[in-house]
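# A closer look at the structure
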Amino acid sequence: MAVTKAKPAKKTGSAKITPASYGAKDIQVLEGLDPVRKRPGMYIGSTGLTGLHHLIWEVVDNSVDEAMAGYCTTITVTINEDGSCSVHDDGRGIPVDPYPSGPHKGKSALEVVLTVLHAGGKFGGEGYKVSGGLHGVGVSVVNALSRRLIAEIDRDGAKYKQEFIDGGNPKTKIQKVGAASSKAKTGTTISFWPDPIIFASEGVEFVARTVLERLQTIAFLNRNLEVIFEDKRKDKKDKVTYQYKGGIVDFVKHLNVARESLFNKVAHYEASEADQTLEIALQWNTGYYEGIFGYANGISTVEGGMHVEGFKTALTSVLNKYARSSGGLKEKDENLLGEDIREGLTAIITVKLREPQFEGQTKAKLGNVSIRSFVQKETNTKLEEWLLENPTEANRIIKKAVAAAQARIAAKNARNAVRRKTALSGAGMPDKLKDCQSSNPAESELFIVEGDSAGGTAVDARDPQKQAILPIRGKILNVERARLDKMLKNTEVQALITAIGGGVGNDEFVADKARYHKVIILADADVDGSHIRTLLLTFFYRQMRPMVESGFIYIAQPPLFSTEVGKEKTYLKDESAKEKFLTANPNHKKEFQRLKGLGEMDWQELRSTTMDAGTRTLLQVNVEEAAEAENVMSVLMGDDVESRKAFIQKNARDVRNLDF
Ligand code: 0RA
């Protein structure tokens, strides 16, 4: 990616540098392509589907560099009918002039860029681009891992072409194949056929969704750049264009569409110094979660890093300062915590720097210390300016953060209160709990049942030795917002905490103390039931995460249908059970009742279909699903009626499915 002295860009509006005039002489020569084929993982991360797609990103990154340097307005990625990929850009075109001297004497610059490792990535003297970790290793890597590659260049009024085969061997010399359609027309098209021998494990079929997501992000990060995707494969035909005049401001709006934003404006600032640049956009929504997305040289830093740290530090300090000066915080009040301020925040932080250090488990954490102070300093001044210029918005943010701080303190008090109560009452179990006789957690099950009447049926249906029942009144949870302090004040939730017995709060909960190794949520198969499940999962995820991590949380699966066979009622778990039933009973009258509530079954039926360990099916909840449930909360509980409606319609068909 180009790193810039902030000069206005020629075409794209993004920052640019003025490169010295490049020619073949400037390209640093390192080595041939053998190492790439020997250890592809070193260059593209893996030889699975992720690695396969890296080939596209590699070529596209080079085109994006052209765009950032101000020479390219459109990038088109085409998946061709035969499964190969072409990346076209209208940049300057890879230079084609021959080397006047040196080890590559007589070869075209194009050939060197495509056959010499790193040659495309680094240029002597004035840095043209900054390599970004796995990216920016150069298009030669793509050539090395392709069974065929064709480069077509429009430059100097002519059209050039060169073809390579079997991992980067020139099949032809560079050839002038005609005139460019106009003297001014320039550009590069790289078409490549990934080598099936290299990508043997998962094959060479590109996934449109993966490409689309990436291209959309590129379009967001490069204001005004037109990014086109075209799929020409049979049965997959598709064409999509991304172009955002607002850049990352549009990105933030896009991320907030499903939520209700706290105000319409999006704060936005950019800055540059020496050889680093930053651009930041942020907005709050009325929800409770934070989404801060960092990028370094266009690469997503999902583990965060110095740019995100600098931003968070400054954000906390600027907003506290503003809150004090505006009277939002009184002298006696404690400072707002970062987490209070970041509640409902959506932010994009994109930085460009010369030699990014990617660290962490997945090499997705930016380690350069210099960027932290840069982001911090700029955020301190520029965000403060923005707050002063936008007092209405600023006051909303403060109000929301103050509410978040109050909720945080209330949740802590509520937890303490529950703790004290549990401690005081000793082993005293809640009245509502019908406990099991066993005191061995490994064989004990707790059913959390929606509604008192279903609770009663479940008590009759249970195995009293091993199964405990705790009825929860869904309506109470249902009307309340997602705030955990409110959940903790709910007497039913308190009973739940006491019954489980491992404490509450993520710093305190101990799964070893849990009185049941199966906690089973039993709710109706309708939208309300789904809602209650989501609430409970969010609660377990936030307040008793070790229960989820230990695999102690389950979802019961009451049947969806019933039907009569003669005088006998039969229950059918789901659509596929219904189909199987019809195949086995072709003369059946084909009338099925959709079961809406647990209340429609008597205790024998509830036992055999849902609770009896010998005949039931349970879904075990894993951490990802619980985390997803937490996300779903913002859609379900948020105020955006449209997206909630869309969500429910989309998921109503299989409300039992956790995989929202
Ligand atoms: C080296 C030098 C110049 C441009 C490029 C490479 C270049 C590479 C790729 C890869 C895909 N698209 C590309 N477009 C350009 C600068 C050429 C000049 O000074 O005119």
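Before reading on, note that the structure itself is shown above.
Residues numbered from 1 in each chain as written. Predicted model: local features only at pLDDT ≥ 70, side-chain atom pairs only at ≥ 80, totals over all residues. Heavy atoms only, no water.

To continue, consider the overall build of the protein chain. Along the backbone of the protein chain there are 21 helices and 24 strands. When the 660 residues of the protein chain are sorted by exposure, 54% land in the buried category. A separation of at least 24 residues holds for 70% of the contacts in the protein chain among residues at least 6 apart in sequence. (Helix = DSSP H or I, 4+ residues; strand = E, 2+ residues; numbered from the N terminus. Buried < 20%, exposed > 50% of the residue type's maximum accessible area, 1.4 Å probe, protein only. Contact = heavy atoms within 4.5 Å.)

All right, on to the sheet that holds strand β19 (residues 518-522) then. Here we have 5 strands laid out as an open sheet, ordered β18-β17-β19-β20-β24, and mixed in their pairing. Bordering the open sheet on either side are β18 (467-472) and β24 (618-620), each of which pairs with just one other strand. Taken over all neighbouring pairs, the strand axes of this sheet differ in orientation by 25° on average, direction set aside. Relative to strand β20 (residues 553-556), β19 runs parallel, the two sharing 3 bridges. From the neighbouring strand, Val 519 faces β20, where its bridge partner is Ile 553. Strands β17 (445-450), β19 and β20 of the sheet are contacted by helix α16 (residues 527-543), whose axis makes an angle of about 150° with β19. (Pairing = 2+ DSSP bridges. Axes fitted to C-alpha atoms, helices over the stretch in contact; angles between N-to-C directions.)

For the rest of this paragraph, the subject is the site of the ligand. With respect to spatial proximity, 11 residues lie near the ligand, and among them Asn 62, Glu 66, Asp 89, Ile 94 and Arg 155 are the closest. A distance of 2.7 Å is found between a nitrogen atom of the ligand and a side-chain nitrogen or oxygen belonging to Asp 89. Between the ligand and Arg 155 there is a distance of 3.1 Å, counted from an oxygen atom to a side-chain nitrogen or oxygen. Here the ligand loses 92% of its free accessible area of 460 Å² to cover by the protein chains. No other element matches the 3 residues that helix α3 (residues 49-68) contributes to the shell around the ligand. Tallied by class, residues from the shell around the ligand come to 4 nonpolar, 3 polar and 4 charged. (Near = heavy atom within 4 Å. Polar contact = N/O pair within 3.5 Å; in protein donor to acceptor, adjacent residues only side chain to side chain. Areas by Shrake-Rupley, 256 points an atom, 1.4 Å probe, with all protein chains shown as cover. Nonpolar A, V, L, I, M, F, W, Y, C, P; charged D, E, K, R; others polar.)

What follows covers the pairing of strand β3 (residues 146-155). Pairing geometry for β3 and strand β7 (residues 187-194), over 8 bridges, is antiparallel. Bridging from a neighbouring strand, Ala 151 pairs with Ile 190 of β7. Bridge count for β3 against strand β4 (residues 158-165) is 8 bridges, and the pairing is antiparallel. Bridge assignment links Ala 151 to a residue of β4, and that residue is Gln 162. From the end of β3 to the start of β4, which pair antiparallel, there are 2 residues, and Asp 156 there has a positive phi angle of about 50°.

The next point concerns the nonpolar core. Counting residues in each nonpolar core, the largest one holds 63 residues, and the members touching the most others are Ile 56, Phe 192 and Leu 215. Here the element with the most residues in this core is α3; it accounts for 9 residues. Excluding residues that lie within four positions of it along the chain, Ile 56 makes contacts with Val 77, Cys 85, Phe 192, Phe 206 and Val 211. Counting 41 residues, the second-largest nonpolar core is a separate cluster that includes Phe 263, Ala 323, Phe 374 and Ile 397. (Core = buried A, V, L, I, M, F, W, Y, C linked by side-chain atoms within 4.5 Å.)

Within the open sheet, the 3 strands sit side by side as β22-β21-β23. Their pairing is antiparallel. Looking along the sheet, the strands with just one partner apiece sit at the ends: β22 (568-572) and β23 (593-594). Bridging between strand β21 (residues 561-565) and β22 involves 5 bridges; their strand directions are antiparallel. Across the sheet, residue Val 565 finds its bridge partner in β22, namely Glu 568.

For the coordinates displayed, the defined rule picks out 7 aromatic pairs. On the numbers, 6.2 Å between centres and 85° between planes, the contact of Phe 192 with Phe 206 is edge-to-face. One end of the pair, Phe 192, is in strand β7; the other, Phe 206, is in the loop between β7 and α6 (208-221), with 14 residues separating them in the sequence. One aromatic cluster in this structure is built from Phe 220, Tyr 244, Phe 251 and Tyr 295. A cation over an aromatic ring shows up here: Lys 578 above the ring of Phe 561, its NZ or CZ 4.3 Å from the ring centre. Geometry around Phe 592 places Lys 578 over its ring, the cationic atom sitting 5.1 Å from the centre. (Phe/Tyr/Trp six-rings, centres within 6.5 Å; stacked < 30°, edge-to-face > 60°. Lys NZ or Arg CZ within 6 Å of the ring centre and 35° of its normal.)

Function cannot be inferred from these measures alone, as they are strictly geometric.
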